[in-house]
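Commentary on secondary and tertiary structure
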Amino acid sequence: MRITCTVNGERREADDVWPGESLLYVLRERLALPGAKNACEQGECGSCTVYLDGLPVCACLVAAGQAQGRTVVTVEGLPAGVGEGLPAEAGEGLPAQDGELDPVQRAFVEAGAVQCGFCTPGLVVAVHDLLARNPRPADPDIREALAGNLCRCTGYEKIMDAVRLAARTARAAPAGDAG
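Residues numbered from 1 in each chain as written. Predicted model: local features only at pLDDT ≥ 70, side-chain atom pairs only at ≥ 80, totals over all residues. Heavy atoms only, no water.

Along the backbone of the protein there are five helices and five strands. In sequence order, the secondary structure elements of the protein are arranged as β-β-α-β-β-β-α-α-α-α. (Helix = DSSP H or I, 4+ residues; strand = E, 2+ residues; numbered from the N terminus.)

Here it is, written out as structure tokens:
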């Protein structure tokens with residue numbers, strides 16, 4: 001079957017999709033968007049988190065056919081911040097638009113929260129969603145928002161630091177800045 005949906009603002013098609021194929025597989029293998037990572041394939045780790053019609057989902061649990069006609073935003077499609085940006089190579093595992101990192105991605109790099117990078121794209125999407133809903137999250141809010149994301153490299157403190165930094169940065173940004 002053919003799947004047509006909007007991915008990161010562009011109409012995209014994937015042909016020869018079989019009924020049991022996951023959205024994650026389509027994004028990574030058919031549409032060449034490797035940001036969402038394939039880790040547990042059971043919705044337990046959060047590494048494959050993407051937005052589907054504005055809601056964060058584990059792409060490994062979404063059948064590709066469920067994306068038909070819908071809007072998907074991956075870590076590659078998060079809006080890039082305005083102003084001073086880090087080059088894309090500074091954020092290993094953090095795909096950037098037009099060579100500039102999203103403010104949440106930038107905070108992860110600046111706080112040292114990127115280690116192996118495997119969990120980072122899912123964490124970035126989860127933090128992006130958290131800050132869109134709650135621009136001033138307290139630590140318990142951050143922990144709850146990240147509860148579905150597993151990282152095997154860290155004790156999460158640098159990740160918490162990154163979320164706090166992203167929240168402060170977003171509040172300090174002038175009105176009209178993206179992010």
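Turning our eyes to something else, we now look at the pairing of strand β2 (residues 10-14). The sheet contact formed by strand β1 (residues 3-7) and β2 spans five bridges and is antiparallel. Directly across from Thr6, in β2, lies its bridge partner Arg11. With antiparallel pairing between neighbouring strands as the criterion, β1 and β2 make up a hairpin whose turn holds two residues, including Asn8 at a positive phi of roughly 50°. (Pairing = 2+ DSSP bridges.)

Moving on, we come to the pattern of salt bridges. Applying the stated criterion across every chain, the model contains nine salt bridges. For Glu13, the salt bridge is made with Arg11, and the minimal N-O distance between the two is 3.1 Å. Since its relative accessible area comes to 34%, Glu13 is described here as partly exposed. Each of the salt bridges in this network shares a partner with another, and the network as a whole consists of Arg2, Arg11, Glu13 and Asp15. (Salt bridge = Lys/Arg side-chain N within 4 Å of Asp/Glu carboxyl O. Buried < 20%, exposed > 50% of the residue type's maximum accessible area, 1.4 Å probe, protein only.)

On to the environment of Glu110. Positionally, Glu110 belongs in helix α2 (residues 103-110). Take Glu110: its relative accessible area is 51%, and that puts it in the exposed class. Separated by 51 residues in sequence, Glu110 and Asp161 place their C-alpha atoms 9.5 Å apart.

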